[in-house]
Amino acid sequence: MRKKIAAALTALALMGTLAACGGKNDNAAGEDTATASKELVIHASNWQFDKTEYTVPKDTPIRYTLENEQGAHGIEIEKAGVKLSNGKKSKVATLKAGTYTIKCNIVCGQGHLSMKAKLIVE
Ligand SMILES: [Cu+2]
């Protein structure tokens, strides 16, 4: 009996942890379920993103998705409210025109600080 209660408490604590990591629209896989008209998949490896520059249309809901090809990396798009790490896989955001900085937000090793790319919204 005691074991069951302990297991139930552990499960509850785990669910709480998972919920705290994701956004309100996230499914179990950490994907934002909000509707987007386009998707930008950013591939990360040690220690770079697959492109140095990404371009997306302005004022358009875009799904930003992180694919870790190698190592464990995250993404933060500065001033855009997009943070992907710790089980959060995608986020839908609508951005105004401008140039944003994409950077890794997990301390991932020797090349961490050079994991940066540009996001051009136009
Ligand atoms: Cu990093």
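As the structure is a prediction and not an experimental result, all values here were calculated from the model. (Residues numbered from 1 in each chain as written. Predicted model: local features only at pLDDT ≥ 70, side-chain atom pairs only at ≥ 80, totals over all residues. Heavy atoms only, no water.)

**Q** Give a description of the confidence of the model for the protein chain that names residues and reports values.
**A** Residues of the protein chain with pLDDT of at least 70 account for 82%, and the chain-wide mean is 89. Note that residues 16–20 has pLDDT below 50 and, in this model, 0 contacts with residues that lie over four places away or in other chains. (pLDDT = per-residue confidence, 0-100. Contact = heavy atoms within 4.5 Å.)

**Q** Tell me what's going on with the coordination of the copper ion, and back it up with residues and numbers.
**A** Those protein atoms acting as donors to the copper ion are Cys-104 (SG), Ile-106 (O), Cys-108 (SG) and His-112 (ND1), and they sit at 1.9 to 2.3 Å. The site at the copper ion holds 4 donor atoms, and with the angles between them running 87 to 121°, its shape is tetrahedral. Here the donor residues of the copper ion share one chain and are spaced in sequence as C-x1-I-x1-C-x3-H. Here Ile-106 falls in the partly exposed class, since its relative accessible area comes to 23%. (Donors = N, O, S within 2.8 Å, 3.2 Å for Na, K, Ca; no water. Tetrahedral: all angles 85-135°; square planar, octahedral: opposite > 155°, others 65-115°. Buried < 20%, exposed > 50% of the residue type's maximum accessible area, 1.4 Å probe, protein only.)

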